[in-house]
Amino acid sequence: MKVTIARKVNALLRVMSPQASIKVVFGRGASVSFAKDVLTLPVIDFNDADQLRLLEGCMDHEIGHVDETDTAAGREAVRLYPPVVRDLWNCIEDVRMEKCRIEKWPGSRRNLSGLVDQAIKQDWFAVPDESRVNWLLISSLLYHGRTHHLQQDQLRGFNDVAQRLLPRCFAPEVVSAIQSVHAGWSDLSSSFDCLEAAVSVYKALKSSTECSEDDTQDPGDDAAPGTGGESGDADDQPEDADGESGDADGQPEDADSESGDADGQPEDTDGKSDGADGVPDDASGNDGSDQHKARNAAEVIEADETMPDLHDLVRGLLEQHHSELNAQDRLHPLMPQLETVFCRPGRVELDQAVVSTTRQVFQQAMIARRAKPVRHDRRGTHVNPNRLAGIGCGRLEVFRRRQQRRDVTGAVGFVVDSSSSVNTSQMVEINKLVLSMTTAITGLRGLDAAALYYRTSQDFQHELTPERDAYLALSFGDKVRPDRFGVWSSGGTPTGNAMMTMAYQLAGQEVDKKVMIVVTDGEPDSHETVEQALALCADLGIQAFCLGFNDAVQGGFDDADYAFIGEHLESAQAVIRTELKRRLFA
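Description of the structure in this document. (Residues numbered from 1 in each chain as written. Predicted model: local features only at pLDDT ≥ 70, side-chain atom pairs only at ≥ 80, totals over all residues. Heavy atoms only, no water.)

### As for the overall build of the protein
- Assigned secondary structure in the protein consists of 19 helices and nine strands.
- Taken across its 586 residues, the protein has 51% of its residues classed as buried.
- For the protein, long-range pairs separated by at least 24 residues make up 73% of all intrachain contacts whose partners lie at least 6 apart in sequence.
- Carbon and sulfur atoms make up 48% of the accessible area of the protein, which totals about 27300 Å². (Helix = DSSP H or I, 4+ residues; strand = E, 2+ residues; numbered from the N terminus. Buried < 20%, exposed > 50% of the residue type's maximum accessible area, 1.4 Å probe, protein only. Contact = heavy atoms within 4.5 Å. Areas by Shrake-Rupley, 256 points an atom, 1.4 Å probe, with all protein chains shown as cover.)

Structure representation (structure tokens):
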């Protein structure tokens, strides 16, 4: 399982990005966002190769924008020009930015090319056609830049079609402006250079519409009746019966116009092109006439959006994968029906001493973290006279300048072994301990807790089946119910699988600190699965700690993340409280 992606990316960022403070984190809901030097990505299925390639490409692309793109150019495009300029700038800037990344870090070529593969698979990048002239215009730039400048050869066929269709749908000045951008990819050295290139295409579009308006207002408007008031060609010859514009000499267009057959004859009456370019006509009615090219240019200029934004599409798909993972109960595997399987009737006794002590320790830690020492060395030197009015003598608060930190928010997930090796009296003590700790934690502002018990139905079974072997006595956001903690022991010890289940639970919590406490008494069924679970926790920003008792084995936990108490369960509360204080409030 490929679960080291966040650690790998964060290590690379320290080298690849001039902004060394940039960090990638997973979780905090389903959205993709970048704020305060933190790129937040949703949790996805790390076993799915396509989802991983999409995620890797997204990270390389987004971090590339952070380092290479001047967002002031994008704001200027939005402020001064129609949406088409913004979209043109987006696609040109994407090509320039990715070229910069590849030149600096050749290894990023693989991830960026993988993002293109996913875009093709999702039909975001598709064969252009004449029915969508907005997309045709953008794709003639996007596909050319990615094919010839970035060597993303999987788009070569799409680019060939776009370049053949472009002269058929747009005026020569538009084609010339786009070809100028093609020839100058290497000269684009900044985001504002890309904006200048986008504006040049926009001006050509606007010019083509103005030229057409001038032609229709020619003195030739007094042509013979029946012509519909449309102007003829340059020598005042009428158009052909099929509505196609003739050449300057009044003859039908030849193969150079891309609309006729290879021998220069007009198109067939069925509207299908047999041209040498091999691109069939569609129902769009594109006839290659100057008027139609002008209408196409006007349509592009007036459109609110010429193409869907690739960045929005990638973010949307990642968020969709997160939602699908959630729907599969991978993030919220709450199975209330298992209460009758895991629990015996009756309420578990709450240890009020544990609750009170835990709350007191955590509240003191919150206060100590929140307030900084008050300085009086400059007291009275910057007093606002207006604040002194009405204040009695002896009150020093007016002179004090307190600086406070925001309260920490945290989520604690307990993963509790309920296998057959735990005897009945120990199970009662553990249930009482977990109930008391979760009650104390959920009673403090900004903190939340969940408790997951696990086992397998048979001692020889090594895999955990969530719908049968994982029981959430308490889920995040729910009220603690003592009657749900009367768990009895049975079956095997799939510790690693249970940790992964809780890791996905914790990943969905929008908090500052995420801590997992594993309580187990024996050797896990699979050491490899525990190591995979620990790697997943590291990627998701979860601090995992294991409390072992009886014959527990340390497994893949580091010494700093493991404590063994033998059969002295009475000391478990103090160990857990100390570890939670250190991990939540440090």
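That was the structure; now back to the text.
### Side note on the environment of serine 180
- Following the sequence through the fold, serine 180 ends up in helix α8 (residues 172-183).
- In this structure serine 180 comes out as partly exposed when scored by relative accessible area, which is 48%.
- Sequence separation of serine 180 and serine 200 is 20 residues, and the distance between their C-alpha atoms is 9.3 Å.

### Describing the nonpolar core
- One finds Ile92, Phe125, Leu137, Phe170 and Leu205 to be the most contacted residues of the largest nonpolar core, which totals 63 residues.
- Aside from chain neighbours lying at most four places away, what touches phenylalanine 125 is Val116, Ala119, Ile120, Trp135, Leu142, Tyr143, Arg146, Leu155, Phe158 and Leu310.
- With 42 residues, the next largest nonpolar core counts Val434, Leu435, Ala563 and Ala572 among its residues. (Core = buried A, V, L, I, M, F, W, Y, C linked by side-chain atoms within 4.5 Å.)

### Points about the packing of helix α3 (residues 71-80) against helix α4 (residues 83-104)
- Relative orientation of the contacting elements α3 and α4 amounts to 155 degrees, with a least axis distance of 7 Å. Taken together, the axis directions place α3 and α4 in an arrangement best described as roughly antiparallel. Residues Ala73, Gly74, Ala77 and Val78 of α3 form the contact with α4, whose own contacting residues are Val85, Arg86 and Trp89.
- Tallied by class, residues from the contact of α3 with α4 come to five nonpolar, one polar and one charged. (Axes fitted to C-alpha atoms, helices over the stretch in contact; angles between N-to-C directions. Parallel < 35°, antiparallel > 145°, perpendicular 65-115°, else oblique. Nonpolar A, V, L, I, M, F, W, Y, C, P; charged D, E, K, R; others polar.)

### Remarks on the packing of helix α6 (residues 133-149) against helix α7 (residues 156-169)
- Contact geometry for α6 and α7: axes closest at 8 Å, N-to-C directions at 135 degrees. When the axis of α6 is compared with that of α7, the two are oblique. The interaxial crossing formed by α6 with α7 has left-handed handedness. For the pair formed by α6 and α7, the contact residues are Val133, Leu136, Ser139, Ser140, Tyr143, His144, Thr147 and His148 on the first element and Arg156, Phe158, Asn159, Ala162, Gln163, Leu165, Leu166 and Cys169 on the second.
- When the residues that make up the contact of α6 with α7 are grouped by side-chain class, the tally is eight nonpolar, seven polar and one charged. (Left-handed = near helix turned anticlockwise from the far one by under 90°.)

### Looking at unusual backbone geometry
- A positive phi is found at aspartate 123, a non-glycine position, where the angle reads about 65 degrees.
- As for its placement among the helices and strands, aspartate 123 is situated in the loop between α5 (108-121) and α6.
- The backbone of glutamine 151 shows a phi angle near 55 degrees, a positive value even though the residue is not glycine.
- Following the sequence through the fold, glutamine 151 ends up in the loop between α6 and α7.

### Examining the pairing of strand β7 (residues 513-520)
- By the criterion of burial, β7 is predominantly enclosed, with seven of the eight residues buried.
- Where strand β4 (residues 410-417) lies against β7, seven bridges are found, and the strand directions are parallel. In the strand pairing of β7, glycine 410 is matched with lysine 513.
- Where β7 meets strand β8 (residues 542-548), seven bridges bridge the pair, whose relative direction is parallel. Looking at the pairing, threonine 520 lines up with glycine 548 of β8. (Pairing = 2+ DSSP bridges.)

### Considerations on the environment of glutamine 364
- Checked against the element boundaries, glutamine 364 lands in helix α13 (residues 352-370).
- Overall, the relative accessible area of 48% leaves glutamine 364 in the partly exposed class.

### Considering the pattern of salt bridges
- Scanning all chains against the criterion turns up 15 salt bridges.
- The partner of glutamate 68 in a salt bridge is arginine 101, with the nearest N and O atoms 3.6 Å apart. Of the two residues, glutamate 68 is situated in helix α2 (residues 49-68) and arginine 101 in helix α4; the sequence distance between them amounts to 33 residues.
- Among the charged side chains, a salt-bridge network with shared partners connects Asp67, Glu68, Arg101 and Lys104. (Salt bridge = Lys/Arg side-chain N within 4 Å of Asp/Glu carboxyl O.)

### With respect to the sheet that holds β4
- The six strands lie next to each other as β6-β5-β4-β7-β8-β9, forming an open sheet whose pairing is mixed. Looking along the sheet, the strands with just one partner apiece sit at the ends: β6 (470-474) and β9 (562-564). Put simply, the sheet's adjacent strands are angled 20 degrees from each other on average, direction ignored.
- Pairing between strand β5 (residues 447-454) and β6: four bridges, direction antiparallel. Considered in β6, the bridge of leucine 452 is made with leucine 472.
- Against the sheet, helix α15 (residues 424-442) makes contact with β4, β5 and β6, and its axis sits at roughly 160 degrees relative to β5, the strand it touches most.

### Structural notes on the side chain of histidine 182
- Structurally, histidine 182 can be placed in helix α8.
- Exposure remark for histidine 182: the relative accessible area of 13% places this residue in the buried category.
- In this structure the side chain of histidine 182 is engaged in a polar contact, spanning 2.9 Å, whose partner is the backbone oxygen of serine 140.
- Every residue in contact with histidine 182, bar those within four places of it in the chain, is listed here: Ser140, Leu141, His144 and Gln163. (Polar contact = N/O pair within 3.5 Å; in protein donor to acceptor, adjacent residues only side chain to side chain.)

### A closer look at the packing of aromatic side chains
- Within this structure, the stated rule accounts for six aromatic pairs.
- Consider the rings of tryptophan 135 and tyrosine 143, whose centres lie 5.7 Å apart with planes at 85 degrees: the pair is edge-to-face. The exposure classification of tryptophan 135 matches that of tyrosine 143, with both residues buried.
- Between tyrosine 453 and tyrosine 471, the aromatic rings sit 6.5 Å apart at their centres with planes inclined by 35 degrees, giving tilted as the arrangement. Of the two residues, tyrosine 453 sits in strand β5 while tyrosine 471 sits in strand β6, which places them 18 residues apart along the sequence. (Phe/Tyr/Trp six-rings, centres within 6.5 Å; stacked < 30°, edge-to-face > 60°.)

### Comments concerning the state of the cysteines
- Scanning the entire structure with this criterion turns up zero disulfides.
- With no disulfide of its own, cysteine 91 lies 9.1 Å from the sulfur of cysteine 194, the closest cysteine sulfur.
- Overall, cysteine 91 belongs to the buried group, its relative accessible area being 4%. (Disulfide = S-S within 2.5 Å.)

### Here's the deal with α3
- Along α3, the residues classified as buried are Ala73, Gly74 and Ala77. Along the axis of α3, the buried positions cluster into a sector of 100 degrees, meaning they face one direction only. Opposite the buried face of α3, at more than 90 degrees from it, the exposed residues are Arg75 and Arg79.
- Where α3 begins, the side chain of aspartate 70 points an oxygen toward the backbone nitrogen of alanine 72, at a separation of 3.0 Å. (Arc of directions from axis to C-beta.)

In short, shape yes, function no, at least from these values alone.
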